[in-house]
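# Architecture and fold: a report
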Amino acid sequence: MARILIIDDEENVRYVLRRILDTAGHEVLEAADGGQGIEISKSEELDLVITDIFMPEVEGLETLREIRKIHPDQKIMVISGGGKSGYLDVLDAAVLLGATEQIAKPFSPSELLAKVDHCLAPG
Amino acid sequence: MNVARHLKPWLVPLAAVLAVAVFFADLWLPLGVAGGVPYVLLVFLGWSFPKRGAIFVLAGTATVLTAVGYLYSPQGGIPWMVMANRGLALLAIWGTAIPLALAKKTQESMQESGERYRKLYHDTPTMLHSLDAEGRLVGVSDYWLGVMGYERGEVIGRKIVEFLSEESRRRALETVLPALMETGRIADVPYQFVKKNGEVIDVLLSAAMEMDEAGKPFRSLSVVTDVTERKRAEEALRKAHDDLELRVFERTRELTGTLSELRQTESALRESEERMRLMADNLPALVVSLDKDHRYRFANRAYRDWFGKDPEKIIGLHAREVLGKHVHDQTRAARDVVLGGETVRFDGSRPDASGRLRHWDATYIPEHGQSGEVTGYFALVHDITERKRAEKALRESEERFRSGFQYASAGMAMIDRKGCYISVNPTLCGMLGYTEDELLRVDRIDIIHPEDKKVAARDFRRLWEGEVESVRTVRRFRRKDGETLWGEMSISMVRDADDQPLYAFGQIQDVTDRKRIEEALRDSEEQMRVITDSVPAFIGYIDSTHRYRFVNKHYGHLHGAKPEEIVGKHVSEVIGEELYKKILPYRSAVLEGEVVTFENEVVDTQGNLIYQDATYIPHFDDSGSVIGFFALIIDITERKRTEEERRREQRLTALGNMAGGIAHNLNNLLLPIQALSEMALEEFPKASPLREDMRRVVRSSKSAKELVGRILQFGRGDWLVRQNINVCATVGDALDLLPTIVPPTVKPHIHLDPDTGMVFGDADQIQTVVMNLILNAVDAMEGRTGELEISLSAVDVGDTDVEAGSRLKAGRYARLSVADNGRGMDTEILEHVFEPFFTTKDIGEGSGLGLSSAYGIITQHGGSIRVASTPGEGSRFRVYLPLSEPRALH
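Just so it is clear, the model here is predicted, and its values are computed rather than measured.

### Quick notes on the overall build of chain A
When helices and strands are tallied, chain A shows 5 helices and 5 strands. Reading chain A from its N terminus to its C terminus gives the helix and strand order β-α-β-α-β-α-β-α-β-α. Within chain A, buried positions represent 52% of all 123 residues. Sequence-distant contacts, at least 24 apart, represent 68% of the contacts inside chain A between residues at least 6 apart. Element-wise, carbon and sulfur atoms account for 50% of the exposed surface of chain A, whose accessible area totals about 5300 Å².

Rendered as structure tokens:
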């Protein structure tokens, strides 16, 4: 049971994530863009942030960097639209910026939950 | 004479058939003596054969057949009758054959004679021609054609007058032809024939008329002798004769000087009156003796010529009576002097008996008596008319020469044997920058340019030694100020009447400016050649008659020749008739004054197709008409190839961007389908039929995900897990799967160089590329036996390495080559081979993504993938992957 923030401009994606995470018994907060997500992360205690990489306005990498500034230990998972794992440079950058885990669209619920569990595992 | 040529092919079978027919008729029908008649016909057939031998062969055959026929015919009867019949038939046969053979013999010899005549006519090394009654050529000899430069077909049937010069034509029509018609013969008529090339030759023509039986002329035979050379020789002879006359004239002129010697005769006369009397009569001068009363005591015979009177008749007459008042008055003063005891000499003139004015020179010499008194005087008178005239002519001639010499525009000089100037004219002084005095003092050889001295000295020696009559050349002289003067010089010998050299006469025309212009032109042309040869373009100048006047080195190379071998040739000779016709419209346009630009394809001497960009620029003269044009041609083959490649890559990049965009959006759409259907699947009871439906949705969405993944491989963004990998090991790992995908009909040949090196890249992706290329090769072999070659090695790629593709930077690359000998691909397929969903297989057999994902993966690695293929022979794919810097290995 964890508090998880989902940041994605696609309502469809947020819906799917919420459905999977709800079913698994997690508490889900939603943000439709990076700015909103950063605001929520300031006020809320979060176990995990799942953010899309390509978003209008404040995009994923910037969101990641801002949240890291506020909570250096925040666990963050990035999602990309690429076939296997998204775009090389962006994902490389995401890992450099401290993304805990990454996942590429589309994915199955079990894949997502496995990665979420991996993120939430202590240590 | 060739017999076979005249033998009609149907004659032999006809004779054979006739012989057999008659023979069988003879066997079946008892023809008796009448049987001989068909055999006689058979003999007659022999006439048609070209040789009389045939008659005898046929007669012999008829004899044998007659004999056999009579022996076996069913006629029976009394034996002697049979014998008689046989005898009569044979008599008829041979009675026909022998006269026929004799007649044939006559015909044969006539034919041979005709043939010989024709041969003689054609081959005689003389110009022969025959005319019909209208003056048209019906026959000419080969020699005639050779001299005139025509082919036989061009002249037969034409009128002879067409081959004559205008003057000869008129003479032929007005006098020669009528004379020939009338007398039947003409001889050595001088004519001028005009050759095909327009040259006129002098000939002598003799002709004879041939008459027919009625005595009417029907043909003429002419013999024509080319006397052009003889005429030339005559001309030379006449000229030589004129020269000789000139010499004679000069000698005569010298002789006139001899007259002065006669003056010495005066003293001789004084010495001996007797001798004087004797000589006086023979002198070509008037000699008279008068007493002191001016009455004649003696006169020589010349008196008759001068005054038309006998010398004897004037003895005792007074001078006035003989000379007339006018001359008497003219000489009065002289008479007074001579009577005073002094010799006096004077001249004057008077008309002679025929009225011509004659000049004379008179000397009056006093005659003294015993006591010294003057008793009379002698008068000695020369006719100096001729001398006066000669002197005048000489004076004029010298004057003319002097003024010609003095004011000539050419430099002139007389030079002695030592090479010193005897005389120079002001023009020469001006040319060389010396005064006349200076020039007369210098040695001529010193004013000749050092480099020309040797030749000049040799020429001068040869001239004096008579080896040459004159020397004409261009020579360099050194002016006083040190400048070089180019002189066009002619120098010739002037000789005396005995042909001994007097002096050399030289003329010099200053051609320094012309030489400078020539040199400047040569320099300018040289510069132009250096410039045009260093420009990477084909440059030529073509004149309005389509002939090359200039081409640069590259133009020559293009056509496998040196520039000087092309200049002067017609364009069609150099570029070939076909291409010449193709670009004729452009040439016509430029010669009408337009600047023309067009693209063109040619095949060079190595057989390569070359694309050219040609520009023709018209060259106008001062009057504005086009006198030629410059052709500037650039080889754009490489540019075309690069453009083509860039276009293909741009298309692939655009396709990649589109595919990437579509894939990204599809992934967003696929996410709810996959995730929610999987979740829904868990919700359905185990027995629900909806469970299977939902499972299909899940399976389809997974397939869609894979497809999108492969599209992304081609497109802009699959994630590469890049690290330094040993490319040989990576490819080797991929080849472990070879037995599972290559059928036993295909024989693989593998050459992997373990030292190829390291590549910074994604090993899985590179293996995907290897597999895709192998699958593609196997497909190309369509299940037949074939060879598959896989090789890997390191190569250096240069900046202009066409094979590796223009987008690669120069450097060291790993080259993977996969080649098959399958069906190959044509240019249309090659154009699209890397595009996604492009496939030559039937729908459903392949995805059409294998090669496009290989393209995407290699491009993302900064490499290049190329293909070369020949339909029916196979394809070869080459993959270039940049090798890591050596330091990246550590």
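### Digging into the environment of D543 of chain B
Residues and elements named next belong to chain B. Along the chain, the position of D543 falls in strand β16 (residues 538-543). Placed 84 residues apart in sequence, D543 and I627 show a C-alpha to C-alpha distance of 6.0 Å. With sequence-adjacent residues up to four places away left out, D543 is seen in contact with R549, I627 and G628.

### Let's talk about helix α2 (residues 34-43) of chain A
Residue and element names in this part refer to chain A. Of the residues making up α2, those classed as buried are G34, G37, I38, I40 and S41. Seen along its axis, α2 keeps its buried residues to an arc of 165 degrees; they face one direction. Each element contacted by the buried residues of α2 is listed here: β1 (3-7), β2 (27-31) and α3 (60-70). Regarding α2, its N-cap is D33, as a side-chain oxygen of that residue lies 3.0 Å from the backbone nitrogen of G35 further along.

### Concerning the packing of aromatic side chains
Residues and elements named next belong to chain B. Enumeration according to the criterion identifies 16 aromatic pairs over all chains in this entry. Aromatic pair Y586 and F598: ring centres 3.7 Å apart, planes at 5 degrees, arrangement stacked. In this pair, Y586 sits in helix α24 (residues 584-591) while F598 sits in strand β18 (residues 596-603), placing the two residues 12 residues apart along the sequence. On the accessibility criterion, Y586 (30% relative accessible area) is partly exposed. Of the residues examined, F598 reaches a relative accessible area of 6% and is grouped as buried. Here K515 stacks its cationic end above the ring of W486, 4.6 Å away from the centre of that ring.

### Quick notes on unusual backbone geometry
Here K105 of chain A and P106 of chain A are connected by a cis peptide whose omega angle stands at -15 degrees. Positionally, P106 of chain A belongs in the loop between β5 (101-104) and α5 (109-120). Of note in this structure, H546 of chain B is not a glycine but carries a positive phi near 65 degrees. For E782 of chain B, which is not a glycine, the phi torsion comes out positive at approximately 50 degrees. Considering the arrangement of structural elements, one finds E782 of chain B in the loop between α29 (763-780) and β24 (786-797).

### Looking at empty space enclosed by the protein
Residue and element names in this part refer to chain B. Using the criterion set out here, one finds 6 cavities of 30 Å³ or more in the structure. Approximately 170 Å³ is the volume found for the largest cavity. Lining the largest cavity are 18 residues, and of these L286, F307, L323, Y364 and V381 lie nearest its centre. Mapped by element, the contributors of at least two residues to the lining of the largest cavity are β6 (285-291), α12 (302-307), α14 (319-339), β8 (344-351), β9 (357-368) and β10 (374-383). By residue number, the principal contributor to the lining of the largest cavity is α14, which donates 4 residues.

### Things to note about the nonpolar core
Residues and elements named next belong to chain B. Residues I774, L788 and I865 are the most contacted members of the largest nonpolar core, which totals 46 residues. Those elements giving two or more residues to this core turn out to be α25 (637-683), α26 (689-714), α27 (727-735), α29, β24, β25 (811-820), α31 (850-860) and β27 (874-882). For this core, the element with the highest residue contribution is α29, accounting for 9 residues. When neighbours within four sequence positions are excluded, L788 is seen to be in contact with V742, V746, K747, P748, H749, I774, A777, M781, V818 and A819.

### Digging into the packing of α29 of chain B against α31 of chain B
Residue and element names in this part refer to chain B. Taken N-terminus to C-terminus, the directions of α29 and α31 make an angle of 145 degrees; their axes are 9 Å apart at the nearest point. The two elements α29 and α31 cross, and the hand of that crossing is left-handed. Side by side, α29 and α31 meet where Q765, T768, V769, N772, L773 and N776 of the first sit next to G850, L851, S853, A854, I857 and I858 of the second. Its residues assigned to classes, the contact of α29 with α31 shows 6 nonpolar, 6 polar and no charged.

### A closer look at helix α15 (residues 385-407) of chain B
Spanning 23 residues, α15 of chain B covers 33 Å between terminal C-alpha atoms, matching the ideal 33 Å at 1.5 Å per step. Within the sequence span of α15 of chain B, burial applies to T385, R387, A390 and F405 of chain B.

### Side note on the side chain of D8 of chain A
Residue and element names in this part refer to chain A. In this fold, D8 is placed in the loop between β1 and α1 (11-23). The charged side chain of D8 is buried without a salt bridge, its nearest counter-charge being K105 at 4.2 Å. A polar contact of 2.9 Å, which involves the side chain of D8, links it to the backbone nitrogen of E10. Residues contacting D8, with those up to four places away along its chain left out, are V13, R14, A31, A32, D52, M55 and K105.

### Focus: a nonpolar patch on the surface
A cluster of nonpolar side chains, namely M658, I662, L666 and L669 of chain B, defines an oily patch on the protein surface of about 370 Å² accessible area. Relative to the helices and strands, I662 of chain B resides in helix α25.

### Considerations on a negative patch on the surface
On the surface, a cluster of negative charge is contributed by E519, D523, E525 and E526 of chain B. Within the element layout of this structure, E519 of chain B appears in helix α19 (residues 512-534).

### A short note on the packing of α26 of chain B against α31 of chain B
Residue and element names in this part refer to chain B. In contact at an axis separation of 6 Å, α26 and α31 are set at 50 degrees when each is read in the N-to-C sense. One way to sum up the angle between α26 and α31 is to call them oblique. Contacts from R710, Q713 and F714 in α26 reach G850, S852, S853, Y855, G856, I857 and Q860 in α31. Each residue belonging to the contact of α26 with α31 can be placed in one class, and the counts come to 3 nonpolar, 6 polar and 1 charged.

### Some remarks on the pairing of β1 of chain A
Residues and elements named next belong to chain A. The element β1 is extensively covered by neighbouring structure, given that 4 of its 5 residues are classed as buried. Pairing of β1 with β2, which is carried by 5 bridges, proceeds in the parallel orientation. Opposite I7, over in β2, you have A31 as the bridge partner. Traced from β1 through α1 to β2, the parallel crossover comes out right-handed.

### Details of the sheet that holds β8 of chain B
Residues and elements named next belong to chain B. Here 5 strands make up an open sheet; going across it, the order is β7-β6-β10-β9-β8 and the pairing antiparallel. The sheet is open, and its two edges are formed by β7 (296-299) and β8, each paired on a single side. Averaged over all pairs of adjacent strands, the angle between their axes in this sheet comes to 25 degrees, without regard to strand direction. Relative to β9, β8 runs antiparallel, the two sharing 8 bridges. In the sheet register, D347 faces β9, and the bridge partner there is D361. Running over the sheet, α14 touches β6, β7, β8, β9 and β10 and is turned about 50 degrees from β9. Of the strands in this sheet, β8, β9 and β10 touch α15, which is tilted by about 125 degrees from β9.

### So, the environment of A631 of chain B
All names here are of chain B. Along the chain, A631 falls in strand β20 (residues 626-635). A sequence separation of 89 residues divides A631 from I542, and the C-alpha atoms of the two residues are 7.5 Å apart. Setting aside residues no more than four positions away along its own chain, A631 makes contact with F538, I539, G540, I542, T615 and Y616.

Basis of the calculations
- Residue numbering note: each chain is counted from 1, following its sequence as written.
- Chains carry letters from A onward and ligands carry numbers from 1 onward, assigned in written order.
- Residues qualify for local features only when their pLDDT is at least 70, as the model is predicted, and side-chain atom pairs are given and counted only at 80 or more; totals for whole chains, interfaces and linings, by contrast, use all residues.
- The basis for every side-chain value is the complete set of non-hydrogen atoms in the structure, without hydrogens or water.
- Numbering of helices and strands starts at the N terminus; helices are DSSP runs of H or I of at least 4 residues and strands are runs of E of at least 2.
- Each residue is assigned to one of three classes by its accessible area relative to the maximum for its type, calculated with a 1.4 Å probe on protein chains only: buried under 20%, partly exposed between the two thresholds, exposed over 50%.
- In what follows, residue pairs with any heavy atoms lying within 4.5 Å of each other are defined as contacts.
- The Shrake-Rupley method, run with a 1.4 Å probe sphere, supplies the accessible areas, and residue values consider only the shown protein chains as cover.
- What the arc measures is the spread of directions leading from the helix axis to the C-beta atoms.
- Between N or O atoms, a polar contact is any pair within 3.5 Å; within protein, one atom must be a potential hydrogen donor and the other a potential acceptor, and residues adjacent in sequence are included only when both atoms are from side chains.
- For Phe, Tyr and Trp, rings pair up if their centres lie within 6.5 Å, where Trp contributes its six-membered ring, and each pair is then called stacked (planes under 30 degrees apart), edge-to-face (over 60) or tilted (otherwise).
- Either the NZ atom of lysine or the CZ atom of arginine qualifies as a charge over a ring when it sits within 6 Å of the ring centre and within 35 degrees of the ring normal.
- Definitions used for this entry: grid spacing 1 Å over protein atoms alone; cavity, a set of points where a 1.4 Å probe fits but cannot get out; pocket, an open set with protein on both sides within 12 Å along at least 5 of 7 lines; lining residue, one with an atom within 4 Å of a point.
- Grid points are joined across faces, edges and corners, and a volume is the space filled by probe spheres set on the points.
- Take the buried Ala, Val, Leu, Ile, Met, Phe, Trp, Tyr and Cys residues and link them wherever side-chain atoms come within 4.5 Å; each set so joined is a nonpolar core.
- Lines are fitted to the C-alpha atoms to define the axes, a helix being fitted only along its stretch in contact, and any angle between axes, read from their N-to-C directions, falls within 0 to 180 degrees.
- Left-handed describes a crossing whose near helix is turned anticlockwise from the far helix by less than a right angle; the clockwise case is right-handed.
- Note that Gly is not counted as nonpolar here; it falls among the polar residues with everything else outside the nonpolar set of Ala, Val, Leu, Ile, Met, Phe, Trp, Tyr, Cys and Pro and the charged set of Asp, Glu, Lys and Arg.
- A helix is expected to span 1.5 Å for every residue after the first.
- Charge counting treats Lys and Arg as positive and Asp and Glu as negative, with His and both chain ends excluded.
- Salt bridges are defined by distance alone: a side-chain nitrogen of Lys or Arg within 4 Å of a carboxyl oxygen of Asp or Glu.
- In this analysis, a patch consists of residues with relative accessible area above 30% that form no salt bridge, clustered at 9 Å for like charges and at 5 Å for the nonpolar side chains Val, Leu, Ile, Met, Phe, Trp and Tyr.
- Where a charge lies is defined by one atom per residue type: Lys uses NZ, Arg uses CZ, Asp uses CG and Glu uses CD.
- Should an angle lie under 35 degrees it is considered roughly parallel, over 145 roughly antiparallel, and from 65 to 115 roughly perpendicular; all remaining angles are considered oblique.
- At least two DSSP bridges between two strands are needed for those strands to be called paired.
- Look down the strands so they point away from you; if the path from the first strand over the helix to the second goes clockwise, the crossover is right-handed.

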